[in-house]
Amino acid sequence: MPGLVLGAASAWLTWVLLALGGHLGADPVDTLIDRFGKSTLWLLVATMACTPLQQWLGWTWPARVRRALGLLTFAGATLHIGTYALVDQQLDLGVLLDDVTKRPFITWGFFAFVLIVPLALTSTNGWVKRLGYRVWKRLHRLVYVVVALGVLHFLLRVKKDVTEPLLFGAVFAALLLARVVWALRGD
């Protein structure tokens, strides 16, 4: 976990330095929020791809990196929401509450973040033992809801060109379909 915190902090610092150097465009805070959000979705893609890669190609390494990818996804989501709440809205709780209740894309993104927190907190072997594998596995199936909410959040956020969020949605649908086909085949 300390390595994860250090990695997230260094990623955030890198982006802040780019912003201070004027390399993030006219609205650097919005660019940071956008890039952290997209990075989180890409990390979700990588996390979700681990099982199909293992099942279809017989590779064993994806299962060994899945937990780390999931934690990096949580770190990315934390950077995304943290930059929005701390830097963009300066932790003004009234504005934040107003945004969560009145702006649907923020509402869905907030719910996605709330659901990813227990996944990150219970991602250790100790939690698998405490909860029992079956309960732990059911809990971690929340990742599918997180994915759907993340894509919905992105889709509602964009103003004109929905190509990118729809592409993420298609990739996630394909990864989910691969799991369904695998399960139906009974392999």
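The text that follows walks through the structure, step by step, so that each part is easy to find.

Quick notes on the rules
- Residues numbered from 1 in each chain as written.
- Predicted model: local features only at pLDDT ≥ 70, side-chain atom pairs only at ≥ 80, totals over all residues.
- Heavy atoms only, no water.
- Helix = DSSP H or I, 4+ residues; strand = E, 2+ residues; numbered from the N terminus.
- Buried < 20%, exposed > 50% of the residue type's maximum accessible area, 1.4 Å probe, protein only.
- Contact = heavy atoms within 4.5 Å.
- Axes fitted to C-alpha atoms, helices over the stretch in contact; angles between N-to-C directions.
- Parallel < 35°, antiparallel > 145°, perpendicular 65-115°, else oblique.
- Left-handed = near helix turned anticlockwise from the far one by under 90°.
- Nonpolar A, V, L, I, M, F, W, Y, C, P; charged D, E, K, R; others polar.
- Salt bridge = Lys/Arg side-chain N within 4 Å of Asp/Glu carboxyl O.

### Observations regarding the environment of L142
Relative to the helices and strands, L142 resides in helix α8 (residues 142-157). Classification of L142 as partly exposed rests on a relative accessible area of 24%. With 23 residues separating them along the chain, L142 and L119 place their C-alpha atoms 7.8 Å apart. Once residues lying within four places of it in the same chain are set aside, the contact partners of L142 are L115 and L119.

### Comments concerning the packing of helix α5 (residues 104-121) against α8
Between α5 and α8, the shortest axis-to-axis distance is 8 Å and the interhelical angle comes to 155°. Considering the angle they form, α5 stands roughly antiparallel to α8. The chirality of how α5 crosses α8 is left-handed. Within the contact between the two elements, α5 uses P104, F105, I106, W108, G109, F111, A112, L115, I116 and L119 and α8 uses L142, V143, V145, V146, L149, G150, L152, H153, L156 and R157. Its residues assigned to classes, the contact of α5 with α8 shows 16 nonpolar, three polar and one charged.

### With respect to the pattern of salt bridges
For the structure shown, the criterion picks out five salt bridges. Linking D34 and K38 is a salt bridge whose minimum nitrogen-to-oxygen distance equals 3.4 Å. Here K38 and D34 lie together in helix α2 (residues 28-57), a separation of four residues that amounts to about one turn. Overall, the relative accessible area of 27% leaves D34 in the partly exposed class. Among the salt bridges present, the one from R103 reaches D99, with a minimum N-O distance of 3.4 Å. In this structure R103 comes out as partly exposed when scored by relative accessible area, which is 35%. Connected through shared salt-bridge partners, D34, K38 and E164 make up one network.

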